[in-house]
Amino acid sequence: MANAKKINEIKIVMLGARGTGKTSLLTAMYEQFAITIGKTNLKLTPDLRTSAILTEKLGDLKSLLRTPDVEPGGGLPNTEDTMSYLFDLGKTGAKPSIRLNFQDFPGEYLNANAREQDQNFVQDKINESEVVMIAIDAPSLMENRGQWHDRFNRPLQITNYFQRAFQEMNAPRLVIFVPIKCEKYMQNDQSARDLLNRVKEGYSLLFNFFNNDAIRPWVTTVVTPIQTVGTVSFAYIEEIDDKPHFHFKRMRPDALYSPKDSEQPLRYLLRFALKLQLKNAQYHWWPFNVVRDWLKWDDHLKKASREAAQGCKINNGFAILNGEQWLNIE
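Small disclaimer: the values here were computed from a predicted structure and weren't measured. (Residues numbered from 1 in each chain as written. Predicted model: local features only at pLDDT ≥ 70, side-chain atom pairs only at ≥ 80, totals over all residues. Heavy atoms only, no water.)

Trainee: Just to check I follow, could you spell out unusual backbone geometry for this structure?
Mentor: Peptide bonds are, in most cases, trans, and in most cases residues other than glycine have a negative phi. One non-glycine residue with positive phi stands out, namely Arg154, at about 55°. Residue position: Arg154 is located in the loop between helix H5 (149-153) and helix H6 (155-165). (Helix = DSSP H or I, 4+ residues; strand = E, 2+ residues; numbered from the N terminus.)

Written out as structure tokens, the structure reads:
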């Protein structure tokens, strides 16, 4: 992409163990990019490699509906290597001003037998990223009283990563908790609230850490459940050799690909990214802020942020738990 050196980059790391659905999350958001941005005066453009890879993965996601019984796991093939997905954000007809850099990595990097260099890679990405998206395998969290939550979602290990990363903080961070494969748990308001409460309970140590006086002013935490397919629901767990296999089924024989709320993490991310962009611009241009306001140079960013905010869900399973000040534009 042209003039990359002049673009302010927002780094986002996708955090989750093998099979939680990090790639499904990114693919579902990618599919909703045009819809989310389309009504604003902004454009969000993937680089050629990102577009090609995620287009293929979107086809894989839609192919889950070819059979009534979805294969265990209910998602895409696992990521085999580290991947960077790049999107440039800017005013329509002008050069982009923000780059979104999504970093994905194999879930095996969180395993106990992972190489030290791979474990360090994960730590480094959390250290340097302004945004962390935590992919949560919802059936592991919800079924059998959360019997498989620690094993598959690894909340204690994830908490330890943040404890090392969030030290002597002096810049804002956004942490988005994203329950995935949660069609079964979003059928009504009560079940959605139950899911939110289980997220709070299942990651209570991490939320307690974020609530520390030294951390709380800098961290925004959001919960945004998404239904990456929309018409495939968890069915049952089959235990083979003491290992659980999660099975999913189409909700209707004629079910089509119909994702729900997959744009919500993106909406929150855009609000945060635009807030940082405006803050950086004000700091850099502080002697000329009056002139900037008079010329309305930042109006398109403020307008886009407010429009993104209007579509953000904040109830029935969705919530801003802390740090709303880093999402709002004055």
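From this point, the discussion proceeds with the structure in view.
Trainee: How should the side chain of Ser129 be read in this particular structure?
Mentor: Of note, Ser129 is situated in the loop between helix H3 (116-128) and strand E6 (131-137). At a separation of 2.5 Å, a polar atom in the side chain of Ser129 contacts the main-chain carbonyl oxygen of Lys125. If near-sequence neighbours (up to four positions away) are discounted, Ser129 is found in contact with Lys11, Ile12, Val13 and Arg173. (Polar contact = N/O pair within 3.5 Å; in protein donor to acceptor, adjacent residues only side chain to side chain. Contact = heavy atoms within 4.5 Å.)

Trainee: Can you walk me through the nonpolar core in this structure?
Mentor: The nonpolar side chains of soluble globular proteins are, as a tendency, buried together. Counting residues in each nonpolar core, the largest one holds 51 residues, and the members touching the most others are Ile134, Phe162, Phe166, Phe177 and Phe210. The next biggest cluster of nonpolar side chains, apart from the first, holds 39 residues, and it includes Leu26, Tyr30, Phe33 and Val178. (Core = buried A, V, L, I, M, F, W, Y, C linked by side-chain atoms within 4.5 Å. Buried < 20%, exposed > 50% of the residue type's maximum accessible area, 1.4 Å probe, protein only.)

Trainee: Help me understand the packing of aromatic side chains in this model?
Mentor: Two aromatic rings are characterised by how far apart their centres lie and by the angle between their planes. Scanning all chains against the criterion turns up 14 aromatic pairs. Both rings, one in Tyr109 and one in Phe121, keep their centres 6.0 Å apart while their planes meet at 85°; by these two values the pair is edge-to-face. Of this pair, Tyr109 sits in the loop between strand E5 (98-104) and H3 while Phe121 sits in helix H3, and the two are twelve residues apart along the sequence. Classification of Tyr109 as buried rests on a relative accessible area of 11%. (Phe/Tyr/Trp six-rings, centres within 6.5 Å; stacked < 30°, edge-to-face > 60°.)

Trainee: I would appreciate a short explanation of H6 in the present structure.
Mentor: Structurally, the α-helix is built with 3.6 residues per turn, so residues lying three or four positions apart point the same way. Of the positions making up H6, those classed as buried are Pro155, Ile158, Thr159, Tyr161, Phe162 and Ala165. The buried residues of H6 all sit within an arc of 155° when viewed along its axis, so they share a single face. (Arc of directions from axis to C-beta.)

Trainee: I'm lost on the pairing of strand E10 (residues 243-250) in this one. Help?
Mentor: On any regular strand, side chains alternate: one points to one face of the sheet, the next to the other face. As judged from the eight bridges shared by strand E9 (residues 232-240) and E10, these two strands associate in the antiparallel manner. Of the residues in E10, the one forming a bridge with Glu238 is His245. (Pairing = 2+ DSSP bridges.)

Trainee: It is not clear to me how the sheet that holds strand E7 (residues 173-180) should be interpreted in this structure. Could you clarify?
Mentor: Through backbone hydrogen bonds, the strands of a sheet pair up, either in parallel or in antiparallel fashion. Strand order in this open sheet of eight strands is E2-E4-E5-E1-E6-E7-E8-E11, and the pairing throughout is mixed. Two strands close off the open sheet at either side, each with one partner strand: strand E2 (42-46) and strand E11 (319-322). Strand after strand, the sheet turns through a mean of 20° between neighbouring axes, direction not considered. Examined bridge by bridge, E7 and strand E8 (residues 219-223) share five bridges and lie parallel to one another. Bridging from a neighbouring strand, Val175 pairs with Thr221 of E8. The sheet strands contacting H3 are strand E1 (8-15), E5, E6 and E7, and the helix crosses E1 at an angle near 135°. Sitting on the sheet, helix H7 (residues 189-202) touches E6, E7, E8 and E11, and the angle it makes with E7 is about 125°. (Axes fitted to C-alpha atoms, helices over the stretch in contact; angles between N-to-C directions.)

Trainee: Looking at this structure, I do not really get the environment of Leu58. What am I missing?
Mentor: Position of Leu58 among the secondary structure elements: in helix H2 (residues 48-62). Overall, the relative accessible area of 13% leaves Leu58 in the buried class. Counting along the chain gives 31 residues from Leu58 to Thr27, while the straight-line C-alpha distance between them is 6.0 Å. Not counting the four nearest positions on each side in its chain, Leu58 is found in contact with Thr27, Glu31 and Tyr257.

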